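Examination of the molecular architecture
Read off the chains here:
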Amino acid sequence: MKANMGGIDRILRVIVAVVIAVLFFTKVITGTLGIVLLVAGGIFLLTSLVGTCPLYLPFGLSTRGKKK
């Protein structure tokens, strides 16, 4: 798959994933909502490490800058 995520997008996703994990493990968010958010945070972390967001592909979106 082609990379379609820019640097800022990737950094923001990592920050959101870390915040969700901290909130979950400090028991600020719990229950079903906590588990759903933790899974979403894991997906954010995975997509930021890979550099490709599968949800961007069908819509042709890209936050990656144009190459010169």
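Relevant structure appears above.
A brief look at the structure comes next. Predicted model, so just to flag it, every value in this text is computed and none were measured.

Definitions and limits used
Residues numbered from 1 in each chain as written. Predicted model: local features only at pLDDT ≥ 70, side-chain atom pairs only at ≥ 80, totals over all residues. Heavy atoms only, no water. Helix = DSSP H or I, 4+ residues; strand = E, 2+ residues; numbered from the N terminus. Buried < 20%, exposed > 50% of the residue type's maximum accessible area, 1.4 Å probe, protein only. Contact = heavy atoms within 4.5 Å. Expected span 1.5 Å × (residues − 1). Arc of directions from axis to C-beta.

**Here we look at the environment of Phe44**
Mapped onto the secondary structure, Phe44 falls in helix α2 (residues 31-50). Residue Phe44 is classed as partly exposed on the basis of its relative accessible area, which comes to 30%. C-alpha separation for the pair Phe44 and Arg10, spaced 34 residues apart in sequence, amounts to 8.4 Å. Aside from chain neighbours lying at most four places away, what touches Phe44 is Arg13, Val16 and Ala17.

**Details of the environment of Gly42**
Along the chain, Gly42 falls in helix α2. Here the alpha-carbon distance between Gly42 and Phe24, two residues 18 residues apart in the chain, equals 12 Å.

**Quick look at α2**
Compared with the 28 Å implied by 1.5 Å per residue over 20 residues, the 29 Å span of α2 between its first and last C-alpha is a close match. Regarding α2, the residues found buried are Gly34, Gly41, Thr47 and Ser48. Angularly, the buried residues of α2 cover 155° about the axis, an arc narrow enough to put them on a single face. Away from its buried face by more than 90 degrees, α2 exposes Thr32, Leu46 and Val50. Those residues of α2 that are buried lie in contact with α1 (7-25).

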